[in-house]
Amino acid sequence: MTTTLEHTGYNKMTVLYPEEHELLTPGQSLRDPHAAAKLRLQASLWLSRAQRELHDAIFLRDGSDESMDRYCSARAELDSAEAWALMVAKALIQPD
């Protein structure tokens with residue numbers, strides 16, 4: 001997922017969430033134990049945030065199109081977070 005930042009006098013710019021910077025190359029982020037711990041923490045935080053968003057979306061569904069969109073978005077975010085957490089785990093087990 002991405003986020004859009006807007007500054008006065010500047011055009012809108014879309015950037016990756018911090019955890020997605022390492023999504024591109026998680027194996028290269030494991031230079032030392034500190035980097036590996038940071039990567040594990042980021043994966044855990046992203047996964048926790050996605051789970052919380054899905055939980056909220058499930059319990060706030062009221063049948064409207066907006067609530068269905070929120071649910072679908074939260075489900076997709078959780079799927080992405082789970083896939084990334086698995087990539088991180090694989091990189092931690094078998095560093096390149």
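Here we summarise the structure given alongside this text. Owing to the predicted nature of the structure, the values given are computational and were not obtained by experimental measurement.

**Brief notes about the pattern of salt bridges**
Link 1 in the chain: Applying the stated criterion to the full structure yields 2 salt bridges.
Link 2 in the chain: Here aspartate 79 makes a salt bridge to arginine 75, at a shortest N to O gap of 2.6 Å. Residue aspartate 79 and its partner arginine 75 are both found in helix α3 (residues 65-93); the two are separated by 4 residues, about one turn of the helix.
Link 3 in the chain: Since its relative accessible area comes to 29%, arginine 75 is described here as partly exposed.
Link 4 in the chain: A salt bridge links glutamate 82 to arginine 75; the shortest N-O distance between them is 3.8 Å.
Link 5 in the chain: The exposure class of glutamate 82 is partly exposed, given its relative accessible area of 33%.
Link 6 in the chain: Counted as one network, the salt bridges with shared partners bring together Arg75, Asp79 and Glu82.

**Description of helix α2 (residues 33-59)**
Link 1 in the chain: Here α2 contains 27 residues, and its C-alpha end-to-end distance of 39 Å stays within 8% of the 39 Å for a straight helix at 1.5 Å per residue.
Link 2 in the chain: Taken as a whole, α2 has its buried residues at Ala35, Ala36, Leu39, Gln42, Ala43, Trp46, Ala50, Leu54 and Ala57.

Reading guide: rules and limits
- Residues numbered from 1 in each chain as written.
- Predicted model: local features only at pLDDT ≥ 70, side-chain atom pairs only at ≥ 80, totals over all residues.
- Heavy atoms only, no water.
- Salt bridge = Lys/Arg side-chain N within 4 Å of Asp/Glu carboxyl O.
- Helix = DSSP H or I, 4+ residues; strand = E, 2+ residues; numbered from the N terminus.
- Buried < 20%, exposed > 50% of the residue type's maximum accessible area, 1.4 Å probe, protein only.
- Expected span 1.5 Å × (residues − 1).

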